[in-house]
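Residue-level listing of the chains:
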Amino acid sequence: MKSFDALRNRIHTILAKHFGAVHTSTEGEFRVVNDSAHLFVSVDHGFGTDGLVVKLTCPLINRVPLSTDLYRWVSIEGRNFLLGGIFLIPHANGTHGELWFSHNFSADDLDEKELLGSIYPILVLCNELDNQLQNRFGGNLFSY
């Protein structure tokens, strides 16, 4: 558990250095914002007893109407990004859902360059991607 807390503290230090005040969700995720992109950074246990994973998730669109075109786009184009991909969370009502971007990586020896090398491109991509997806499929941009 000590390495888990040490990694969370390291991430917090790096984020504070580069982004100023860092917000933390009730689930213990850090939040970094770039215009409409809200990137959540969290730590989880990976494979084995000591492995740790950094999870980067960014909600893009909520209340997006579910359609065959949307499912097709998520399953083909939404998985075709250099860092991570899109996933869809259908709502219980069966008519709408949420689109999220996600990227995970092993972080046993995380350094500043590695973390920022994932965060910055995802923040830029998601800030553009959420508007493109809203224009194409409808729904609402994520707001916190």
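Conventions we followed
- Each chain has its residues counted from 1, following the order in which its sequence is written.
- Under the rules for a predicted model, residues below a pLDDT of 70 receive no local features and side-chain atom pairs below 80 are neither given nor counted, while totals for whole chains, interfaces and linings still include all residues.
- Heavy atoms from the whole structure form the basis of all side-chain values; hydrogens and water molecules are not counted.
- Starting at the N terminus, helices and strands are each numbered in turn, a helix being any DSSP run of H or I of at least four residues and a strand any DSSP run of E of at least two.
- The classification of residues rests on relative accessible area computed with a 1.4 Å probe and restricted to protein chains. Under 20% of the type maximum is buried, over 50% is exposed, and intermediate values are partly exposed.
- Two strands qualify as a pair provided DSSP detects at least 2 bridges between them.
- Residue count minus one, scaled by 1.5 Å, sets the expected span of a helix.
- Cysteine sulfur pairs qualify as disulfides if the two atoms are within 2.5 Å.
- One side-chain nitrogen of Lys or Arg within 4 Å of one carboxyl oxygen of Asp or Glu is enough to make a salt bridge.

Novice: What exactly am I supposed to notice about unusual backbone geometry here?
Specialist: Trans is the prevailing form of peptide bonds, just as negative phi is the prevailing case for residues other than glycine. Even without being glycine, aspartate 35 reaches a positive phi, approximately 55°. Position of aspartate 35 relative to the elements: it lies in the loop between strand E2 (30-34) and strand E3 (37-45). Note on aspartate 35: relative accessible area 62%, which makes it exposed. The phi dihedral of arginine 63 falls on the positive side, at around 55°, and the residue is not glycine.

Novice: It is not clear to me how the pairing of strand E4 (residues 52-65) should be interpreted in this structure. Could you clarify?
Specialist: A regular strand places its side chains on the two faces of the sheet in alternate fashion. Across the 14 residues that make up E4, a large majority, 10, are buried. Examined bridge by bridge, E3 and E4 share six bridges and lie antiparallel to one another. Note on E4: the bridge partner recorded for phenylalanine 40 is threonine 57. Where E4 and strand E6 (residues 96-106) come together, 10 bridges link them in antiparallel fashion. Its bridge partner being in E6, valine 54 is matched across the sheet by phenylalanine 105. Pairing geometry for E4 and strand E7 (residues 140-141), over two bridges, is antiparallel. Note that in E7 the partner of isoleucine 61 across the bridge is leucine 141.

Novice: I keep staring at helix H3 (residues 112-137) and nothing clicks. Help me out?
Specialist: An α-helical turn contains 3.6 residues, so any two residues separated by three or four positions project in the same direction. In this model, H3 (26 residues) spans 36 Å end to end at C-alpha, consistent with the 38 Å of a helix rising 1.5 Å per residue. Buried within H3 we find Leu115, Leu116, Ser118, Ile119, Ile122, Leu123, Cys126, Asn127, Leu129, Asp130, Leu133 and Phe137. Phi turns positive one or two residues past the end of H3, at glycine 138, with a value near 90°.

Novice: Explain the state of the cysteines to me, please; I cannot follow it from the model alone.
Specialist: By definition, a disulfide links two cysteine residues through a covalent bond between their sulfur atoms. Across all of its chains, the model carries zero disulfides by this definition. For cysteine 126, which is in no disulfide, the shortest distance to another cysteine sulfur is to cysteine 58 and amounts to 3.8 Å. Take cysteine 126: its relative accessible area is 0%, and that puts it in the buried class.

Novice: Please clarify how the pattern of salt bridges should be interpreted in this entry.
Specialist: Pairing between side chains becomes possible if they bear opposite charge and their charged atoms approach one another. Under the defined criterion, the tally for this structure stands at three salt bridges. The shortest N-O distance in the salt bridge between lysine 17 and glutamate 112 comes to 3.2 Å. Residue lysine 17 is found in helix H1 (residues 2-19), and its partner glutamate 112 is found in helix H3; the two are separated by 95 residues along the sequence. Exposure remark for lysine 17: the relative accessible area of 58% places this residue in the exposed category. The shortest N-O distance in the salt bridge between lysine 55 and aspartate 44 comes to 3.6 Å. Here the residue lysine 55 occupies a position in strand E4, and aspartate 44 occupies one in strand E3, the gap between them amounting to 11 residues.

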